[in-house]
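# A closer look at the structure
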Amino acid sequence: ETTLKISHYLPSVHGIHTDFIVPWTEQITECTGGEVQFEIFPAGTQLGNVARQQEQVMAGVVDIAHGLHGIPRGRFPRTSLIDMPFLTDSAGAASYALWELYPDYLAEEYKGLKVLALHAHNGGLLHTNEKKVETMEDMDGLRIRTPSPAVSEMLSYLGADPQGLPPGEVYESLQRGVIDGTVFPWDPVKSFGLNEVLNYHLDLGAYTVSFFYVMNQRSYDALSDEAKACVDQYSGDALVSQFGDWWDSWDVPGREEAIAAGHEITELSDEERARWEETLQPMMDSYLQTVKDAGVDNADEIYQAMQDKIAEYEASRQN
Amino acid sequence: MNILAGLARGLITALAALGVIAYGLAALVTVADIIGRRFGLPIEGVVDLVQLFVVGGAWLVMPYAFLSAAHVSVDFLVENMPRGLAVPLKLFAGVLALGLLGLMLWQGFLTFRTRTMFGDTSQQLGIPIAWYWYPLLVGLAVSLIAVVVELTASLRREARA
Amino acid sequence: MSDAFLGLFGFLAALGLIALGLPVAIAMGVIGGLGYWYLNGWMGVAYILGSSPFEAIFPYSFSVIPLFVMMGVFASHAGLSRSLFDVINAFIGHRRGGLAITTVGASAFFGAICGSSLATVATIGRVALPEMKRHGYDASLSTATVAAGGTLGVLIPPSVLLVIYGLLTQSSIGQLFIGALLPGLLGALLYAAAIAVRVRLRPDLAPSAERHGWSERLTRLGQVWQVVLLFALVIGGIYLGWFSPTEAAAVGAVGAFFLALFSGELTRETLKASVFETAGLTGMIFFILIGAGLFNFFLENTGLPQLLIEQIRSSGMGPMAVMVLILVFYVVLGCFMDSMSMILLTVPLLAPVALELDFDLIWFGIVVVTVAEIGLITPPIGMNLFVVQASAGDVPMKTVMKGIFPFILADIVRLALLVAFPIIVLWLPGQAF
Ligand code: NA
Ligand code: NA
């Protein structure tokens, strides 16, 4: 009997924990006839630090970790190309693209790790308390909390004033007007109770953020062949194909709550979107350049392949 | 020996002063940002800078806390113990402190090397993570010296008493 | 030995080392490290020894600790707190224990600026302790007052703990904030009552001053307008949205420094003293955070908290008995864990229990957050006790612990009232929504 340790940085009430990780562990425990057991360390435990997930699993302190590619920044330059603005606003498409590209283009970034799944959330929105944003001009000088350097840079280009802030402090900062808004998908809007202090939501679908779910290779190799087969059966494609629906379902409550509260939800208009993309072109070029400077010579090729895979996914959904 | 101890004390107090100056810089950067952003001149990456100054300050003042024996302990049980136990207990505490600090320094150095090898940087400004680690390495190394200096001084006081 | 049992054993071993007079941070760090080593081998412990000291003090929100400490130290050395307390003394010094009761009020007030118990204790401690000493207050009364006062701020926004609780249970954060107001006020009143009773029984603890006339009171009030202005700026700035609560610490520190500079009391000597006091006090607080972090790695790995919750859940006892067990559980856990980790770790497990027993989640949240903070002032291990002792400089821990019991009693009374009359929590939110 083996007990595997899993760590992640989300509170144990999050869908990642309740809908994805816990059921996954139960499937494998059942499949192995109880041979493999799990112990999960979520946010609030010492192993729940968002910046340490990759390192912990590499060092073998935990056997499996779920974390963000972007923190600490720069560790997954290839995978993080999925963060480029306006690539896709669909969790399903982004997760599909990452998984399709993994063997040929991204594998190098996961040496020593058995990759169980890669995924990304639905396009984030711009949520504001007092000011309704529809155009680039509306953004001018707004203080906006952002989740990542890529989004910070994007907002700077658009004229806003990005603020780094721990998620737990967003509610009070919005309530007091220390910030004018925040960039988030719907799911944290619901879980942090932000609909109480927000009024407007601009569905800009401009960016996504990606996650890894990985196992220490030595831990995997130490499993019996039957156990390995069980892990394989419930990971990879079996997991990745579910993230589109999962993220949709995690986003629904936040959106419904906003509608029930009478908030205004606006889509970014097509002309406006074109203006934003044009404004952001220099930023995208320099982002690609940074990735190339980090030693990824085929950054353009990977970016193109991501676009192709996303188009492929969208096309398959149309039929 | 006294000269060495004097030098060590000088180093430790200088680092402590430097650490508090770092705290002061954290405060000044924040206030400059608060005022600046009212006029559209925010300080970019202020969170990164404040973290750098506070983390730096915290590690630079650490040896001083050991030297001045500022670390709290519960005294009332020890007071009632036989006098003869005072010296062994002090030595025991000193050895444990040195062991813990020494392991932290050793493993901290390895972690520092891993993180700098990854090329980690701060989230907003991209400040190399090494800058956040140098104060930790210095602070832990000098804390080891501080424990020894404090232990020697306090054993001497014990011997005189 | 089962892991949970090992957790219990580690708990006792840490207590043992502390009883031998070892610095608390070292005792927790050593036992935490050894325990983790035993459970996970050398590779595991090597990793946490190398990374956790760095992470323990890295979060941006911890910047409030050194900055508020600086504010308190400068205010104290420049004589700002002295003139402030002289005013307070002129107004209410003739009432026995008046300065201590004022300190409770000041702590609650400071809670509206600051979300951190430790920072509140360090700041108020630097300001109030020397003044109460100067006015002849006994150290066991003054230090315990400051330590207990630090726990009040958690129910007064800014309160990240309430936000996190709201996130974990999906309850309205607005309702939690409103529901926390009366219990917070009740806490302050009960502390004041504890002081009043104590000084009535032992008048020598707090000598009363002569009564001052109104003209003298007003003259003195005129002398402290700068200090009042600084507080107004810090609190007003937060509520007007000029800066966040975390940034307020920087405003306070810079403000106190300039007030000290212009008051003419900032000599070379006082500057030097201020710098080294800040160094010693913050170095000690940060190292405790590191030691407690190591210990928490170990404690979590033993699964002890989860096991205890499972015992409570499966006990089949009635709601009241379960509630009492939960309260005891939090007070014990509060010895070693910080309130934030405790809430994150236990609330997802306990909230379903609370729902099964038909407890209101807003009420449960206020009770849980209140009790999580009580662990900070219960001996033998309570962070607030350690910080106040370090702030006082020359007071033995024995004295601090002796003085804390009336306040713990006041907290028990408060919890009993909250449990017996949930309306104290639920009335205000009911009015507002
Ligand atoms: Na507060
Ligand atoms: Na305690």
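In what follows, the structure referred to is the one given above.
Quantities reported herein were computed from a predicted structural model and do not represent experimental measurements. (Residues numbered from 1 in each chain as written. Chains lettered and ligands numbered in written order. Predicted model: local features only at pLDDT ≥ 70, side-chain atom pairs only at ≥ 80, totals over all residues. Heavy atoms only, no water.)

### Notes on the overall build of chain A
Helix and strand counts for chain A stand at 12 helices and 11 strands. Relative to the globule expectation of 20 Å for 319 residues, the C-alpha radius of gyration of chain A, 20 Å, shows essentially globular dimensions. For chain A, buried positions account for 60% of its 319 residues. Relative to all contacts within chain A whose residues are 6 or more apart in sequence, the contacts with residues 24 or more apart total 75%. Carbon and sulfur atoms provide 46% of the accessible area of chain A, an area that totals close to 11,800 Å². For chain A, the centre of its 21 positive side-chain charges and the centre of its 52 negative side-chain charges are spaced 5 Å apart. (Helix = DSSP H or I, 4+ residues; strand = E, 2+ residues; numbered from the N terminus. Rg over C-alpha atoms; globule rule 2.2 N^0.38 Å. Buried < 20%, exposed > 50% of the residue type's maximum accessible area, 1.4 Å probe, protein only. Contact = heavy atoms within 4.5 Å. Areas by Shrake-Rupley, 256 points an atom, 1.4 Å probe, with all protein chains shown as cover. Lys, Arg positive; Asp, Glu negative; His and termini not counted. Charge placed at Lys NZ, Arg CZ, Asp CG, Glu CD.)

### What to know about the pairing of strand β2 (residues 36-41) of chain A
Relative to β2 of chain A, strand β1 (residues 2-8) of chain A runs parallel, the two being bridged by six bridges. If you follow S7 of chain A over to β2 of chain A, its bridge partner there is F41 of chain A. (Pairing = 2+ DSSP bridges.)

### With respect to the state of the cysteines
All names here are of chain A. What the rule picks out here adds up to one disulfide over all chains. A sulfur-sulfur distance of 1.9 Å marks the disulfide that ties C31 to C230. Between C31 and C230 the disulfide shows an S-S torsion of about -80°. By sign, it is left-handed. A residue pair is termed long-range when its members are at least 10 positions apart, and C31 in helix α1 (residues 15-31) and C230 in helix α8 (residues 225-234) qualify at 199 residues. (Disulfide = S-S within 2.5 Å.)

### Overview of helix α19 (residues 397-420) of chain C
Look at α19 of chain C: 34 Å from first C-alpha to last across 24 residues, which is about the 34 Å you get at 1.5 Å a residue. The largest bend in α19 of chain C comes to about 35°, at F405 of chain C, with the proline P406 of chain C one to four residues further on. (Expected span 1.5 Å × (residues − 1). Bend = angle between axes of the 7 residues up to and from the residue.)

### Here's the deal with the interface of chain C and chain A
Across the contact, 39 residues belong to chain C and 32 residues belong to chain A. Here chain C meets chain A over a buried area of about 3,000 Å², counting both sides, of which 57% is carbon and sulfur. On the chain C side of the contact with chain A, Y47, L167 and E300 of chain C bury the most area, a combined 20% of that side's loss. Inspection of the chain C/chain A interface yields one salt bridge. A salt bridge links R52 of chain A to E55 of chain C; the shortest N-O distance between them is 2.7 Å. (Buried area = accessible area lost by both parts, 1.4 Å probe. Salt bridge = Lys/Arg side-chain N within 4 Å of Asp/Glu carboxyl O.)

### With respect to the sheet that holds strand β6 (residues 143-145) of chain A
Residue and element names in this part refer to chain A. The strand order β7-β6-β8-β5-β9-β11 describes an open sheet built from six strands, whose pairing is mixed. The open sheet terminates on both sides in strands that have one partner only, identified here as β7 (161-163) and β11 (264-267). Geometrically, the sheet is characterised by an average inter-axis angle of 25° between neighbouring strands, direction not taken into account. Where strand β5 (residues 125-128) meets strand β8 (residues 181-184), four bridges bridge the pair, whose relative direction is antiparallel. Opposite T128, over in β8, you have G181 as the bridge partner. (Axes fitted to C-alpha atoms, helices over the stretch in contact; angles between N-to-C directions.)

### A short note on the packing of helix α4 (residues 80-92) of chain C against helix α5 (residues 98-111) of chain C
Angle between the axes and distance between the axes are the two parameters that describe a pair of packed helices. All names here are of chain C. Running from N to C, α4 and α5 cross one another at 120°; their axes reach a closest spacing of 10 Å. Considering their axes alone, α4 and α5 lie oblique with respect to each other. The crossing of α4 and α5 is right-handed. Here F85, I88, N89 and I92 of α4 lie close against α5, whose contacting residues are G98, L99, T102 and T103. Residue composition of the contact of α4 with α5, by class: four nonpolar, four polar and no charged. (Parallel < 35°, antiparallel > 145°, perpendicular 65-115°, else oblique. Left-handed = near helix turned anticlockwise from the far one by under 90°. Nonpolar A, V, L, I, M, F, W, Y, C, P; charged D, E, K, R; others polar.)

### Description of the interface of chain B and chain C
Contacts between chain B and chain C engage 54 residues on the former and 56 residues on the latter. Taken together, the two surfaces of chain B and chain C that pack against each other cover about 4,900 Å², and 79% of this comes from carbon and sulfur. Our enumeration of links across chain B and chain C arrives at two salt bridges. The partner of E247 of chain C in a salt bridge is R37 of chain B, and the shortest N-O contact between them spans 2.9 Å. Mapped by element, the contributors of at least two residues to the side of chain B that touches chain C are α1 (2-38), α2 (46-67), α3 (76-79), α4 (86-117) and α5 (130-160) of chain B. Considering only residue class, the side of chain B that touches chain C consists of 39 nonpolar, nine polar and six charged.

### Quick word on the sheet that holds strand β4 (residues 113-120) of chain A
Residue and element names in this part refer to chain A. One open sheet holds the five strands; their spatial order is β2-β1-β3-β10-β4, and the pairing between them is mixed. In the strand order of this sheet, the two ends are held by β2 and β4, each with one partner. Averaged over neighbouring strand pairs, the angle between their axes works out to 20° when direction is ignored. As defined by bridge partners, β4 adjoins strand β10 (residues 210-216) across seven bridges and the pair is classed as antiparallel. Considered in β10, the bridge of A120 is made with S210. Contacts between α1 and the sheet are confined to β1, β2, β3 (64-68), β4 and β10, with β2 contributing the most and set at about 160° to the helix.

### Examining unusual backbone geometry
The residue after I71 of chain A, namely P72 of chain A, is reached through a cis peptide bond having omega -5°. Along the chain, the position of P72 of chain A falls in the loop between β3 and α3 (91-106). Even without a glycine there, the phi angle at F86 of chain A is positive, about 60°. With respect to the secondary-structure elements, F86 of chain A resides in the loop between β3 and α3. Judged by relative accessible area, which is 14%, F86 of chain A ranks as buried. A positive phi is found at Q170 of chain C, a non-glycine position, where the angle reads about 55°. With respect to the helices and strands, the residue Q170 of chain C is situated in the loop between α8 (160-169) and α9 (173-201). Judged by relative accessible area, which is 38%, Q170 of chain C ranks as partly exposed.

### Side note on the packing of aromatic side chains
Applying the stated criterion across every chain, the model contains 38 aromatic pairs over all chains. Taking the centre distance of 5.0 Å and the plane angle of 75° together, the rings of F66 of chain B and F287 of chain C count as edge-to-face. Separated into two different chains, F66 of chain B in helix α2 and F287 of chain C in helix α13 (residues 268-302) make up a pair that spans both. Here F66 of chain B and F287 of chain C have matching classes, each one buried. Summarising the aromatic geometry, the rings of F257 of chain C and F258 of chain C are spaced 5.6 Å apart at their centres and angled 80° between planes, so their arrangement reads as edge-to-face. What makes F258 of chain C partly exposed here is its relative accessible area of 36%. Members of the aromatic cluster, each reached through a chain of ring pairs, are F20, W24, F38, F211, Y213, F243, W246, W247 and W250 of chain A. (Phe/Tyr/Trp six-rings, centres within 6.5 Å; stacked < 30°, edge-to-face > 60°.)

### A word on the environment of H212 of chain C
All names here are of chain C. Topologically, H212 is positioned in the loop between α9 and α10 (214-223). Taking the C-alpha atoms as reference points, H212 and A292, 80 residues apart in sequence, are found 47 Å from one another. For H212, the residues in contact, after removing those within four places along its chain, are N89, A90, R217 and R220.

### Brief notes about the environment of G164 of chain A
Mapping G164 of chain A onto the fold places it in the loop between β7 and α5 (170-176). Considering only alpha carbons, one finds G164 of chain A and F20 of chain A, 144 residues apart in sequence, at a separation of 28 Å. Once residues lying within four places of it in the same chain are set aside, the contact partners of G164 of chain A are V47 and Q124 of chain B.

### A closer look at a nonpolar patch on the surface
Judged by side-chain polarity, W106, F109 and L110 of chain B together with L34, W37, W42 and M43 of chain C come together as a nonpolar surface patch covering roughly 710 Å² of accessible area. Contributions of two or more residues to the nonpolar patch are made by α4 of chain B together with α2 (24-56) of chain C. Per-element tally for the nonpolar patch: the top contributor is α2 of chain C, with four residues. Of note, M43 of chain C is situated in helix α2. With relative accessibility at 55%, the residue M43 of chain C sits in the exposed group. (Patch = residues over 30% accessible without salt bridge, like charges linked within 9 Å, V, L, I, M, F, W, Y side chains within 5 Å.)

Keep in mind these values describe shape, not function.
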